Amino acid sequence: MDTAARTAAERSTAAHAPGASPHEGSAPSRRRRARLLVGLLALTALLAGCGQSTTSEGSVHGGEASLALPDLSQVTVLGGLSGRALLGLGLVVCVMGLAMGVATYLQMRKLEVHASMREVSELIYSTCKAYLAQQGKFLVVLWAFIAAVIVVYYKVLVGFGWGRVAVVIAFSLIGMAGSYSVAWFGIRVNTLANSRVAFASLRGKPLPLHRMPLKAGMSIGMVLISLELLMMLVILMFLPREIAGACFIGFAIGESLGASALRIAGGIFTKIADIGSDLMKIVFKIKEDDARNPGVIADCTGDNAGDSVGPSADGFETYGVTGVALVTFVLLGVHDPAVQASLLVWIFVVRAVMIVASAVSYQLNDLWTARRYRDADRMDFERPLSNLVWLTSAACIVATFLTTWFVLADTAAADQWWKLATIVSCGTLAGALIPELVKAFTSTSSRHVREVVKSSRQGGPSLNILSGLVAGNFSAYWLGIAIVGLMGGSYLISEQGLGDLMVAPAVFSFGLVAFGFLGMGPVTIAVDSYGPVTDNAQSVYELSVIEDIEDIDDELERDYGFQPQWERGKLMLEENDGAGNTFKATAKPVLIGTAVVGATTMIFSIIMGLTGGLTEGIENLSLLHPPFLLGLITGGAVIFWFTGASIQAVTTGAHRAVEFIKTTIKLDGVTKASEEDSRRVVEICTQYAQQGMLTMFLGVFFATLAFAFVEPYFFIGYLVSIATFGLYQAIFMANAGGAWDNAKKIVETDLHAKGTALHDATIVGDTVGDPYKDTSSVALNPVIKFTTLFGLLAVDLAVSLTDDGLHTLVVSLAAVFFVISAFFVHRSFYGMRIRTSLEDDDEGASLAPADEPPADAHASDERASEKPASAEPALPEQARPVDDELGAKEASVS
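Criteria and thresholds
- Residues numbered from 1 in each chain as written.
- Predicted model: local features only at pLDDT ≥ 70, side-chain atom pairs only at ≥ 80, totals over all residues.
- Heavy atoms only, no water.
- Helix = DSSP H or I, 4+ residues; strand = E, 2+ residues; numbered from the N terminus.
- Buried < 20%, exposed > 50% of the residue type's maximum accessible area, 1.4 Å probe, protein only.
- Contact = heavy atoms within 4.5 Å.
- Areas by Shrake-Rupley, 256 points an atom, 1.4 Å probe, with all protein chains shown as cover.
- Salt bridge = Lys/Arg side-chain N within 4 Å of Asp/Glu carboxyl O.
- Phe/Tyr/Trp six-rings, centres within 6.5 Å; stacked < 30°, edge-to-face > 60°.
- Lys NZ or Arg CZ within 6 Å of the ring centre and 35° of its normal.
- pLDDT = per-residue confidence, 0-100.
- Expected span 1.5 Å × (residues − 1).
- Patch = residues over 30% accessible without salt bridge, like charges linked within 9 Å, V, L, I, M, F, W, Y side chains within 5 Å.
- Lys, Arg positive; Asp, Glu negative; His and termini not counted.
- Charge placed at Lys NZ, Arg CZ, Asp CG, Glu CD.
- Axes fitted to C-alpha atoms, helices over the stretch in contact; angles between N-to-C directions.
- Parallel < 35°, antiparallel > 145°, perpendicular 65-115°, else oblique.
- Left-handed = near helix turned anticlockwise from the far one by under 90°.
- Nonpolar A, V, L, I, M, F, W, Y, C, P; charged D, E, K, R; others polar.

Each helix and strand in the protein chain was counted, giving 23 helices and zero strands. When the 894 residues of the protein chain are sorted by exposure, 63% land in the buried category. Within the protein chain, contacts between residues separated by at least 24 positions form 87% of all contacts whose residues are at least 6 apart in sequence. Approximately 29800 Å² of the protein chain is accessible, and the part contributed by carbon and sulfur atoms is 62%.

Okay, the pattern of salt bridges next. According to the stated counting rule, one finds 31 salt bridges in the structure shown. Its salt-bridge partner being Asp577, residue Lys745 comes within 2.8 Å of it at the nearest N-O pair. Taken together, the positions of Lys745 in helix 19 (residues 712–749) and Asp577 in helix 16 (residues 566–610) put the pair 168 residues apart, joining distant regions of the chain. In this pair, the class of Lys745 matches that of Asp577, namely buried. Here Glu676 ties to Arg680 by a salt bridge, and the two come within 2.3 Å at their closest N and O atoms. Highlighted residues: Glu676 and Arg680, both in helix 18 (residues 675–710), separated by four residues, approximately one helical turn. In this structure Glu676 comes out as partly exposed when scored by relative accessible area, which is 47%. With a relative accessible area of 12%, Arg680 lands in the buried category.

Scanning the model with the defined rule gives 31 aromatic pairs in all. Look at Tyr131 and Phe269: their rings are 4.9 Å apart centre to centre, the planes differ by 55°, and that puts the pair in the tilted class. On the criterion of sequence distance, the pair formed by Tyr131 in helix 4 (residues 115–158) and Phe269 in helix 7 (residues 244–283) is long-range, its members being 138 residues apart. With respect to burial, Tyr131 and Phe269 carry one shared label: buried. Of the aromatic side chains, those joined through ring pairs into one cluster are Phe697, Phe701, Phe702, Phe709, Phe786, Phe790, Phe817, Phe823 and Phe824. If you follow Arg372 out to its NZ or CZ, it ends over the ring of Tyr373, 4.6 Å from the centre.

Put simply, the protein chain has an average pLDDT of 84, and 86% of its residues get 70 or more. Below a pLDDT of 50 lies the segment residues 33–61, which in the model reaches 44 contacts outside its immediate sequence neighbourhood of four places, other chains included. Taken together, the stretch residues 888–894 has pLDDT below 50 and engages in nine contacts with residues farther than four places along the chain or on a different chain.

Turning next to helix 7. Taking 1.5 Å as the rise per residue, helix 7 with 40 residues should run 58 Å; its terminal C-alpha atoms sit 58 Å apart, in good agreement. Here helix 7 lies mainly inside the structure; 37 of its 40 residues are buried. Backbone geometry just downstream of helix 7 places Lys285 in the positive-phi region, at approximately 55°.

This paragraph deals with a negative patch on the surface. A contiguous patch of negative charge on the surface is contributed by Glu550, Asp551, Asp554 and Glu557. Residue Asp551 is classed as exposed on the basis of its relative accessible area, which comes to 52%.

Before going further, it helps to spend a moment on unusual backbone geometry. For Lys285, which is not glycine, the phi torsion reads 55° and is therefore positive. What makes Lys285 buried here is its relative accessible area of 14%. Backbone geometry at Val545 places phi at a positive 40°, although glycine is not the residue there. Mapped onto the secondary structure, Val545 falls in the loop between helix 14 (521–543) and helix 15 (552–560).

What follows concerns the packing of helix 7 against helix 8 (residues 295–333). Put simply, helix 7 and helix 8 touch, their axes get as near as 7 Å, and they point 155° apart. One way to sum up the angle between helix 7 and helix 8 is to call them roughly antiparallel. In terms of crossing hand, the pair formed by helix 7 and helix 8 is left-handed. For the contact of helix 7 with helix 8, the class distribution of residues is 18 nonpolar, eleven polar and seven charged.

This is how it looks when you write it as structure tokens:
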């Protein structure tokens, strides 16, 4: 690489270092940050002024934060055991679950691994740590702003004492810290497992390649669910009943904030790195995870940031928010305190029992798999994962019925126990059924995925993309029908007498379906976490360049007692990655489905407050009420903007990453990219992830305030709309992306067609699917929940101001908040767009900011000379036998 090119690269990296603007110099960036800070302070002052004007009236009740728990000690179950004692056993289960996760972590550290592979995995972990540390600082800034709004609302407007306000703030911090801590634990376990899996592949046996990532995933799932349940049980059992509502709401807001930031930023980061790394395979005709590619380390970091950190924080939040929604419903919709107490004890005892059922199912499935494949040379890596999901679902359903009968048999809800258990089981069944439906559109054996490969044969990237869109659209239909069917069944059951215990029993049944979705949470998280380990294992293998180490065969036989099977090991890693891709895809609809179904229950609590317990204003929840209809239409607009904004952040970041990699990559005379260049790619990804996340988060935040202030029933329509549009948009994008991803995997593993035109077409399709499945779709889940939770505060604030005769101020604030939101919507494209001129050619595009000249054009000539001979484009004839082979394989599968 010539000096001019290197200078341009260094200049670009400096411009894109964390904290710098990716487009301009530091002065404009500082001015923008200053304007943002002034705006936020002005908003806080404005709300404080509004709150001060209404404090004297004392008309505001504080919403859900004022709810008090019933006395749980009055609950007794069969045999005279008290409800509190039963919940105490739940605490023991949580501690055991945490211990299981920690024990697995310690075991993973002791597994054998070659030093070259350990070195790579520790480098990946160090970059993950740097990313998470930076995200932690960013989260604290966001949390400080949310805490200020909580203080203004609860102290100044509602009139809570400082003690109760401090409780809400403290538990919002605890909730956010919970999301952050499980994300950190997830990346540590995964980065230990990836090198161990890569090393185990050299023995040539498939069983360890399945057991290690699943064991790592199960440890994450157990820690995540156990920690979440432990925190909620502490609130339920040890804090004064009068402040429980404040604790739960603060906790839910905090974990939702943490999950939103980590999920959105992680999704942007991982796909910038993934696209930047993948496109080099086409540009330079290099192999997957080539150690000379400085984007590969960033890609591995992104696998953890997007596929481990994001899902861990998301799963933690989803489990917690669903619980808070159910607690809120019970306190608002059930009038008898004895029934309230019985249902609360039942909900949390069932959660604890399901943790046990998940752990037992995992152990039984592991024993069966070990016996079945102990001496096998080949295995279908997807089959044991599917078996685990179905076994856990069955075990959880049985446990639900037994526990429900045991807990409720001696209570006022005794006649309804089987109905409640059946409704929860509808959700648990969905937790197994939905992954099967997802596999029909994303698995390497799926006909839809094979259609994507076959369409790429003659149509190249164009038909590849179209076939992937078909798979995504079809999947949205079938999954939507399945969810509606299960919710419809729960509704019919709720009409068989639950109305005697509560108002709106159908809404409670929907919340219980979401509860059932997450009942097998440890296993859902485990099969989802399987993917980043298998993906990283491939990368660790290549980056270690272990095959090139002198006398490595003798070293492995001398130190570890086996002869390495190089080609077989690489093939098994690729096949296992295909299974990981499939099961990463299965968890996404489960989480988004839970978010939507659970949001229904949370929306109900807002409706209860607006209608005085369903006694007035019900006619406004109708299409005949224009604001409600307009809210339904508005929600779709926000979902489609958010989708576009998240992809735009990936597009711009990937453009910068590709430019940097193309300028710095060296293919001759080196075996590995420098650690410095690899870290620079990570910095570019982090910068764009944070900038994109902040812009989108503030757009969503101010939109929530604006629409809550427009009109309460407009806001109800808006919440229903974003849940509905978000559900189908997320399912469509997740499964289309999964189909593109595994279509590429079929070409690489089944057809062995790397480097062909067919492979290039599937790579292009995969890069389109990357932000679909791992950025936009998954980010919709926390956005829906954060909007609903924050909306609890926002709409209560708006109604309180209106009741105090300040309607004009409310409307004015709605306009102001909408303008601020529109500003961030505008910036999400115009502040993130690619800043190069249309005249820049493909090879000479500048890495520097737009106002600087391009790098020396001779750099492109040097890069061209560095390309290996294999860079010649593949002839169309090369793909013909590939297509014939695929047809033969498909016929045998059918």
